[in-house]
Amino acid sequence: MTYRSTLTALVLALGVFGLAGCATIENGRRQRVEVHSQPSGASVTIDGVRLGKTPLAVSLPRKSAYQISFEKEGFNPGRALLLPSSNSYDQRFLRWGVDYLTGASNELSPTDVSVQLRPSVLPVQRPTDPYAEMVYNVLQADALLETGMVNRRDHSYMVAKIVEFYAQ
């Protein structure tokens, strides 16, 4: 083997070895995050930018933290937080400075965001007459359905949550 072919083989081997630990190449700078709400169809805003309705998938840079807001007619707003974490990357034997700079060393957590929205007709505290309050809240949910502010599926979800609340 000649000096030149040995040097070429060595450079290739080091290159393959070096790239095997490179998070920028393995993971990329962005991460796909699934966003869900119960019930579905909630408007999603991430850091003030409206992105669509649930369920949806977004690709976000791994370097930053994100605040996710959920809004749906007839429901209280919901919120979630995505945070970058380098825990799994820090356990690797090989780490590169470029991975820290690009954010590829991070993983957004949680990878799937799911928020359960609470119907706005539910009271914050138990009333003095629970039955009358439950009937009133169900009638409010019925009014939202009649005016078209919520669909039948969301109405059923609201009524189930109202009944669940008072069954406690």
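Residues numbered from 1 in each chain as written. Predicted model: local features only at pLDDT ≥ 70, side-chain atom pairs only at ≥ 80, totals over all residues. Heavy atoms only, no water.

Caption draft 1: Fine view of unusual backbone geometry. Gln38 connects to Pro39 through a cis peptide bond whose omega is 0 degrees. Of note in the backbone geometry, Asp47 takes a positive phi value of approximately 50 degrees without being a glycine. Residue position: Asp47 is located in the loop between β2 (43-46) and β3 (49-53). According to the relative accessible area criterion, Asp47 is partly exposed, its value standing at 45%. (Helix = DSSP H or I, 4+ residues; strand = E, 2+ residues; numbered from the N terminus. Buried < 20%, exposed > 50% of the residue type's maximum accessible area, 1.4 Å probe, protein only.)

Caption draft 2: Molecular detail of the confidence of the model for the protein. Per-chain confidence: the protein averages 77 in pLDDT, with 71% of residues scoring 70 or above. Across the protein, the element-wise mean pLDDT spans from 48 in helix α3 (residues 87-90) up to 95 in β2. The low-confidence segment residues 16-21, where pLDDT is below 50, has 10 contacts with residues more than four positions distant or belonging to other chains. This model gives residues 89-93 a pLDDT under 50, and the stretch forms 14 contacts once residues within four places in sequence are excluded. (pLDDT = per-residue confidence, 0-100. Contact = heavy atoms within 4.5 Å.)

Caption draft 3: Looking closely at the environment of Ala57. Mapping Ala57 onto the fold places it in strand β4 (residues 56-61). When the C-alpha positions of Ala57 and Val113 are compared, they lie 9.8 Å apart, and in sequence the two are 56 residues distant. Look past the residues within four positions of Ala57 in its chain and what remains in contact with it is Arg32, Val33 and Glu34.

Caption draft 4: Spatial organisation of the packing of aromatic side chains. Applying the stated criterion across every chain yields a total of 2 aromatic pairs. Consider the rings of Phe75 and Tyr157, whose centres lie 6.0 Å apart with planes at 40 degrees: the pair is tilted. Here Tyr157 lies in helix α6 (residues 152-167) and Phe75 lies in the loop between β5 (66-71) and β6 (78-85), a separation of 82 residues in the sequence. Here the aromatic rings of Phe165 and Tyr166 are separated by 5.0 Å at their centres, their planes lie at 85 degrees, and the arrangement is edge-to-face. Of the two residues, Phe165 and Tyr166, neither departs from the other in class, the shared state being buried. (Phe/Tyr/Trp six-rings, centres within 6.5 Å; stacked < 30°, edge-to-face > 60°.)

Caption draft 5: The arrangement of the pairing of strand β1 (residues 30-38) in detail. Burial of the side chains of β1 is restricted to one face: Gln31, Val33, Val35 and Ser37 are buried, whereas none of Arg30, Arg32, Glu34, His36 and Gln38 on the reverse face is. As paired elements, β1 and β4 share 6 bridges and run antiparallel to each other. Paired with Glu34 across the strands is Ala57, a residue of β4. Of the strand pairs in this sheet, β1 and strand β8 (residues 112-116) are connected by 5 bridges, and their pairing is parallel. Considered in β8, the bridge of Ser37 is made with Val115. (Pairing = 2+ DSSP bridges.)

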